[in-house]
Amino acid sequence: MTTSTEKTNLLGMPKAKLEAFFESLGEKRFRATQVLQWIHQRGVDDFDQMTNMSKALREKLQKVAEVRGPEVIYDETSRDGTRKWVMRMDSGNSVETVLIPDGERGTLCVSSQIGCSLDCTFCSTGKRGFNRNLTAAEIIGQVWVARKAFMPFEPNADRPITNVVMMGMGEPLLNFDNVVDAMNLMMEDLAYGISKRRVTLSTSGVVPALDRLGEVTDVSLAISLHAPNDELRNQLVPLNKKYPIAELLAATRRYLSGLPDKRKATIEYTVIEGVNDQPEHARQLTKVLRGLPCKINLIPFNPFPESDFRRPKMTATRQFQHILNQAGFVTTVRTTRGDDIDAACGQLVGRVEDRTKRSQRYIAVQQVAP
Ligand code: SAH
Ligand code: SF4
């Protein structure tokens, strides 16, 4: 008997891979077009419902393939409309996906890994350790589940998901191929049809992978900077010791100049009280970013139980913003959304079977702390 794990999961296959799959079955390539629409636009996972294919083909597909998305184990909507799903990826692991509605816009924050190996000091995902990369099916599966939650669509209703940001759990550039496949499906007209300007990859700065990214895609880019000098950034983002600020910003410039249109990078700066929120830091930042086509997004630190860092005072953040604005930078302060259901930036933890043993170390530290 064929068990489900031996079947090919079609959910994560972008068009070219799906065409190759149908060819390998001795079928016409255009079947890929039909199946993409059934799966992603109509949310269908049962081949039997794909009625524009012959019964014989549907039966063949049922034997060798499947459409298997993540299982939703938690689905809650915050007071402010932010919705969070916890999705089980395998027996021991789950990830979190968040939809942030904002007027006509709906931004889905998607995870790329189970946990994260990079261990930034202010990030709760990093503190829980790392288990594995998500497959392309598990990444696009988050979009699929979220979109299905709003089906059937009203004819003239606003689309619930207009933007996707790869800002959930994990470092997307350390799961390169699967993230690229999933982003291609997000942008594919036969699937979600989201413009490349509205699909954003956020990275803490894996420089060689950023250069590779520019060779294969043209999505928008967010750079998690968080500090205006290497000394401070080394403490907050340990990856900086390998790829310091100057190299990261040079790679960002290369990426932007390779895009077919004029676009700015988003510089993300998590503001932490007494750590990186001083006027001097803002002034340094204006020097470091001078000449880079960018907008700056200040994210007040979201506290989580295992961290001693504190959220900055709003007046300090506004002062910081003012200095950046005065120097000519477009700067926004991200409003905290969904924190009553732990859905805000940096609060996403899912359930991670940590292979790095970091979470044990962390728990041990907490136990001896007063
Ligand atoms: N690994 C990628 C994408 C996921 S993190 C990256 O680092 O860019 C997404 C964003 O959430 C990053 O900008 C990160 O700095 C921010 N973030 C993480 N922890 C946070 C916290 N506790 N409070 C506010 N923002 C946080
Ligand atoms: Fe990983 Fe991003 Fe969190 Fe750093 S901020 S630990 S790179 S998820």
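Each remark here, short or long, concerns the structure printed above.
All values reported here derive from a predicted model rather than from experimental measurement. Throughout this document, residue positions are counted from 1 along each chain, in the order its sequence is written. Ligands are numbered from 1 and chains lettered from A, in the order in which they are written. This being a predicted model, a pLDDT of at least 70 is required before a residue's local features are given, and a value of 80 or more before pairs of side-chain atoms are given or counted; all residues contribute to the totals for chains, interfaces and linings. For the side-chain quantities, the full set of heavy atoms in the structure was used; hydrogens and water were omitted.

Caption draft 1: Focus on the environment of P208. Counting from the N terminus, the helices are the DSSP runs of H or I reaching at least four residues and the strands are the DSSP runs of E reaching at least two. Examined against the element boundaries, P208 turns out to sit in helix α7 (residues 207-216). Note: C-alpha distance between P208 and E247 (39 residues apart in sequence) is 10.0 Å.

Caption draft 2: Local environment of a positive patch on the surface. The grouping of R105, R198, K264 and K295 at the surface amounts to a positive patch. Along the polypeptide, R105 turns up in strand β6 (residues 105-109). Patches here: salt-bridge-free residues with over 30% relative accessible area, like charges joined within 9 Å, nonpolar side chains (Val, Leu, Ile, Met, Phe, Trp, Tyr) joined within 5 Å. The accessible surface values rely on the Shrake-Rupley method and a 1.4 Å probe; as for residues, cover is taken only from the protein chains in view. In what follows, salt bridge is the name for a side-chain nitrogen of Lys or Arg lying within 4 Å of a carboxyl oxygen of Asp or Glu. In this tally, Asp and Glu contribute negative charge and Lys and Arg positive charge; neither His nor the terminal groups of the chain are included. Where a charge sits is defined by one atom per residue type, namely NZ (Lys), CZ (Arg), CG (Asp) or CD (Glu).

Caption draft 3: Representation of the nonpolar core. Ranked by size, the top nonpolar core spans 102 residues in total, and within it L10, M183, M186, L210, L213 and L289 carry the most contacts. The element best represented in this core is helix α6 (residues 176-187), accounting for eight residues. Where each domain starts and ends comes from a domain assignment, either automatic or drawn from a database. Mapped onto the domain boundaries, this core takes at least three residues apiece from domain 1 (4-66) and domain 2 (71-368). With sequence-adjacent residues up to four places away left out, M186 is seen in contact with I139, I140, V143, V164, M166, Y192, G193, I194 and V199. Residues C109, V165, I341 and A343 belong to the second largest nonpolar core, which totals five residues. Residues belong to one nonpolar core when they are buried, are Ala, Val, Leu, Ile, Met, Phe, Trp, Tyr or Cys, and are joined through side-chain atoms within 4.5 Å. A 1.4 Å probe rolled over the protein chains alone gives each residue an accessible area, and that area as a share of the maximum for its type sets the label: buried under 20%, exposed over 50%, partly exposed in between. Contact definition: two residues touch when any of their heavy atoms are within 4.5 Å.

Caption draft 4: Geometry of the packing of helix α5 (residues 136-148) against α6. Here an axis means a line fitted to C-alpha atoms, over the contact stretch when the element is a helix, while the angle between two N-to-C directions is reported on a 0 to 180 degree scale. Direction vectors running N to C along α5 and α6 enclose 35°, while the axes themselves pass 8 Å from each other. Crossing geometry of α5 relative to α6 is assigned as right-handed. Contacts between α5 and α6 involve A136, I139, I140 and V143 from the former and N178, V179, D181, A182, L185 and M186 from the latter. Looking at side-chain class alone, the contact of α5 with α6 contains eight nonpolar, one polar and one charged residues. The hand of a helix crossing depends on one turn: near helix anticlockwise from the far one by less than a right angle means left-handed, and clockwise means right-handed. Each residue is assigned to one of three groups, with Ala, Val, Leu, Ile, Met, Phe, Trp, Tyr, Cys and Pro labelled nonpolar, Asp, Glu, Lys and Arg labelled charged, and all others, Gly among them, labelled polar.

Caption draft 5: A look at the site of ligand 1. Put simply, a residue is near a molecule or strand once any heavy atom of it comes within 4 Å of that molecule or strand. As a matter of local geometry, ligand 1 sits amid 22 residues, with F122, S202, S224, H226 and N302 nearest to it. For ligand 1, a nitrogen atom lies 2.9 Å from a polar atom in the backbone of G170. Identification of polar contacts relies on pairs of N or O atoms within 3.5 Å, with a donor-acceptor requirement for protein atoms, meaning one able to donate a hydrogen and the other able to accept it, and with residues adjacent in sequence counted only if both atoms are side-chain atoms. Measuring from a nitrogen atom of ligand 1, one finds a side-chain N or O atom of E171 at 3.4 Å. Compared with its free state, where it exposes 540 Å², ligand 1 has 95% of that area covered by protein. Of all the elements in the fold, those that place two or more residues in the shell around ligand 1 are β10 (199-203), β12 (265-271) and β13 (294-300).

Caption draft 6: Highlighting the pairing of β12. Within β12, seven of the seven residues are buried, which leaves the element mostly enclosed by the surrounding structure. What you see with β12 is no split at all: A265, I267, Y269 and V271 on one side and T266, E268 and T270 on the other are buried throughout. Pairing analysis gives three bridges linking strand β11 (residues 220-224) to β12, with the strands arranged parallel. From the neighbouring strand, I223 faces β12, where its bridge partner is I267. At least two bridges found by DSSP between two strands is the condition for calling them paired. By the bridge criterion, seven bridges tie β12 to β13 in an arrangement that is parallel. Of the residues in β13, the one forming a bridge with T266 is K295. Crossover connection from β12 via helix α10 (residues 279-289) to parallel β13: handedness right-handed. Assignment of crossover handedness uses the view with strands pointing away from the viewer, where a clockwise path from the first strand over the helix to the second indicates a right-handed crossover.

Caption draft 7: Molecular detail of the pattern of salt bridges. What the rule picks out here adds up to 24 salt bridges. Across the salt bridge formed by K127 and D119, the nearest N and O atoms sit 2.9 Å from each other. Since its relative accessible area comes to 8%, K127 is described here as buried. The exposure class of D119 is partly exposed, given its relative accessible area of 22%. Note that D218 is salt-bridged to K196, the shortest N-O span being 3.6 Å. Note that D218 is positioned in the loop between α7 and β11 and K196 in the loop between α6 and β10, a separation of 22 residues in sequence. By relative accessible area, which is 29% here, K196 ends up partly exposed. In the salt-bridge network here, residues are joined through shared partners; they are K15, E19, E23 and R29.

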